[in-house]
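Here is how the chains run, residue by residue.
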Amino acid sequence: MSTSAETAEPPQAPQTPKSSRIPKIPFWVQILAGLALGVLLGWIAKSGDLGWLTTTLQHIGDLFVQLLKLAVAPLVFFAILVSITNLRQVNNAARLATRTLLWFMATSLIAVAIGLAIGLLTNPGAGTGLTPKDGKLPDHAGSWIDFLTGIVPTDIITPFTELNVLQIVFMAAVAGIAALQLGEKAEPVLTLSRSVLELLQKALWWVIRLAPIGTVGLIGNAIATYGWNLIGKYATFTVDIYAGCALVLFGVYPLLLSTVAKVNPLQFFRGAWPAIQLAFVSRSSVGTMPVTQQVTERLGVPREYASFAVPFGSTTKMDGCASIYPAIAAIFIAQIFDVPLGIGDYVLIAFVSVIGSAATAGLTGATVMLTLTLSTLGLPLEGVGLLMAIDPILDMMRTATNVAGQSVIPILVSAREKLLDREAYDGAKSISLGAATAEVLEEKVPASAAA
């Protein structure tokens, strides 16, 4: 009797109403709130001359960026190593890698052409009131000699301690190719590498969740330190960068998706929005890499190929930082310093953007790429100092463009090679970053076990 009563009870068991719980605030709302609060606090600190508030905002922003950088070196190494070895599971791996690189270069060329056109049409250096004496030499300058000789490290420790991502990529590529050659003998190392990569990605997710707080510090410090008056001097330049990035992000990429991949561009933004959104705030392609790879897979790109193309792109595919920005910045600085540029100079800018984009290395800021461009053109490096004041504001849109391109190219290549899961692409839904976080962590474990 008691047994039947007990079996009848569960359907009538009281349920805790979920509506009583505090609703979870969407991540994009948290980001917008962080932006608004940062601007407000920055304005208060600037107008009230509150040094303690400016310092606090600076520390908050610096700490967030430092947490991102902490994971960069090992994340890049193990992501590239594992991604190269994953290519053995893909047919025509060499063909895919070559096609990916060629599309990287082609879209970079389009982006730099757009940057040059906008710069020539708007003359961003005219009427700013800035003079050469306002500039200062950057702490670190790039040159072709530094770029070429800096690829190969002198030891295996320094690239990690000094965060030389280009050298880390080189070592990871060598290790990955060696692992492919060794075959089964390298499996214990690969198993360890996959486990470490999972650990790093999980730790990075925790940092990503702090992005709204980091936004408050980064934007607030920029406003408190430089103020609206100084930013106003760069109005044309800032609008140029945002317009150029917007043309690539919302014009070139959708056009390529619709004509080359023959897919719905709106569906791309629907699926890739978590990565683009995070890139805008974090200003780090490498820091966004786990999200970028996850949304790229959700859009139908095979995991084995996406695990190669996205990490590779996060360190080399920089349409915002390495193409649009240096093109417009070179014109801006040339006008400030009254240095005329000719056709040959514009060709050099395009060459540097296409070949030297790896110099940006997926970190916040594009100073190295800009100094590389200026040194190639013979323009004063003091011009870099003119742009540092507004770099955080510029870098948000640049990085969002970078990350979008890092997802678009794998889709294009997969579609052309008939590898794209079009049903998955058409069915990809817009999800919150929190949902993306939970999903990627659940999927990575069985993926690693299967590998």
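Residues numbered from 1 in each chain as written. Predicted model: local features only at pLDDT ≥ 70, side-chain atom pairs only at ≥ 80, totals over all residues. Heavy atoms only, no water.

Among the structural elements, glycine 220 can be located in helix α9 (residues 211-233). Residues glycine 220 and leucine 41, spaced 179 residues apart in sequence, show a C-alpha to C-alpha distance of 5.8 Å. (Helix = DSSP H or I, 4+ residues; strand = E, 2+ residues; numbered from the N terminus.)

Our next topic: the UniProt feature "transmembrane region" (unreviewed entry) in the protein chain. UniProt records the feature "transmembrane region" (unreviewed entry) at residues 25-44, 64-88, 100-121, 165-183, 204-229, 241-261, 324-343 and 349-372, using the numbering of this structure. Helix makes up 92% of residues 64-88 and strand 0%, whereas the separation of the span's terminal C-alpha atoms amounts to 37 Å. For the annotated span residues 100-121, helix accounts for 100% and strand for 0% of the residues, and the straight-line distance between the end C-alpha atoms is 32 Å. (UniProt positions renumbered as here; feature names shortened; annotations may be inferred.)

The next thing to look at is unusual backbone geometry. Glycine aside, residues mostly have negative phi, and peptide bonds are mostly found in the trans state. The phi dihedral of aspartate 49 falls on the positive side, at around 50°, and the residue is not glycine. On the basis of relative accessibility, which here comes to 68%, the residue aspartate 49 falls in the exposed class. Its identity is not glycine, yet lysine 418 carries a phi of approximately 60°, on the positive side. Inspection of the secondary structure assignment puts lysine 418 in the loop between α18 (391-416) and α19 (422-427). (Buried < 20%, exposed > 50% of the residue type's maximum accessible area, 1.4 Å probe, protein only.)

Taking 1.5 Å of rise per residue, the 36 residues of helix α3 (residues 51-86) would be expected to cover 52 Å, and the 51 Å separating its terminal C-alpha atoms lies within 8% of that figure. The largest bend in α3 comes to about 35°, at valine 72, with the proline proline 74 one to four residues further on. (Expected span 1.5 Å × (residues − 1). Bend = angle between axes of the 7 residues up to and from the residue.)

Moving on, we get to the pattern of salt bridges. Here the structure, examined in full by the defined rule, presents seven salt bridges. Put simply, arginine 194 and glutamate 187 hold a salt bridge, and the shortest N to O gap is 3.2 Å. Given a relative accessible area of 7%, arginine 194 falls into the buried group. Residues arginine 398 and aspartate 395 are paired through a salt bridge, measuring 2.8 Å at the closest nitrogen-oxygen approach. With arginine 398 and aspartate 395 both in helix α18 and three residues apart, this pair spans about one turn of that helix. Each member of the pair arginine 398 and aspartate 395 is classed as buried. Three or more residues joined by partner-sharing salt bridges are found here, namely Arg95, Arg99 and Glu417. (Salt bridge = Lys/Arg side-chain N within 4 Å of Asp/Glu carboxyl O.)

The next thing to look at is the nonpolar core. Within soluble globular proteins, side chains that are nonpolar tend to cluster in buried spots. Residues Phe237, Phe268, Leu387 and Ile411 are the most contacted members of the largest nonpolar core, which totals 115 residues. Residues within four places of phenylalanine 268 in sequence aside, it is in contact with Leu257, Ile276, Leu299, Ala404, Ser407, Val408, Ile411 and Tyr425. Grouped together as the second largest cluster of nonpolar side chains are six residues, Met318, Cys321, Ala322 and Met369 included. (Core = buried A, V, L, I, M, F, W, Y, C linked by side-chain atoms within 4.5 Å. Contact = heavy atoms within 4.5 Å.)

Summed over the entire model, instances satisfying the criterion amount to zero disulfides. Looking at cysteine 245, it has no disulfide partner, and the nearest cysteine sulfur is the one in cysteine 321, 7.9 Å off. Taking the relative accessible area as the measure of exposure, cysteine 321 reaches 2% and is therefore buried. (Disulfide = S-S within 2.5 Å.)

On the surface, Leu101, Leu102, Met105, Phe351 and Ile355 cluster together into a nonpolar patch covering about 430 Å² of accessible area. Contributions of two or more residues to the nonpolar patch are made by α4 (93-122) and α15 (343-355). The greatest single-element share of the nonpolar patch, amounting to three residues, is contributed by α4. Within the secondary structure, phenylalanine 351 sits in helix α15. (Patch = residues over 30% accessible without salt bridge, like charges linked within 9 Å, V, L, I, M, F, W, Y side chains within 5 Å. Areas by Shrake-Rupley, 256 points an atom, 1.4 Å probe, with all protein chains shown as cover.)

With that settled, consider helix α10 (residues 235-261). Across its 27 residues, α10 extends 36 Å between first and last C-alpha, which sits within 8% of the 39 Å expected from 1.5 Å per residue. The largest bend along α10 measures about 30° and falls at valine 248. Following α10 by one or two positions, lysine 262 adopts a phi angle in the positive range, close to 55°.

So, on to the side chain of serine 284. Mapped onto the elements of the fold, serine 284 is located in the loop between α11 (265-282) and α12 (285-298). Here glycine 287 takes part through its backbone nitrogen, which lies 2.9 Å from a polar atom of the side chain of serine 284. (Polar contact = N/O pair within 3.5 Å; in protein donor to acceptor, adjacent residues only side chain to side chain.)

Close contact between helix α14 (residues 319-336) and α15 brings their axes to 9 Å; oriented N to C, the two are set at 150°. As summarised for this structure, α14 and α15 are arranged roughly antiparallel, according to the angle between their axes. For the crossing formed where α14 meets α15, the hand is right-handed. Together, Ala322, Ser323, Pro326, Ala327, Ala330 and Ile331 of α14 and Tyr346, Ile349 and Ser353 of α15 make up the contact between the two elements. (Axes fitted to C-alpha atoms, helices over the stretch in contact; angles between N-to-C directions. Parallel < 35°, antiparallel > 145°, perpendicular 65-115°, else oblique. Left-handed = near helix turned anticlockwise from the far one by under 90°.)

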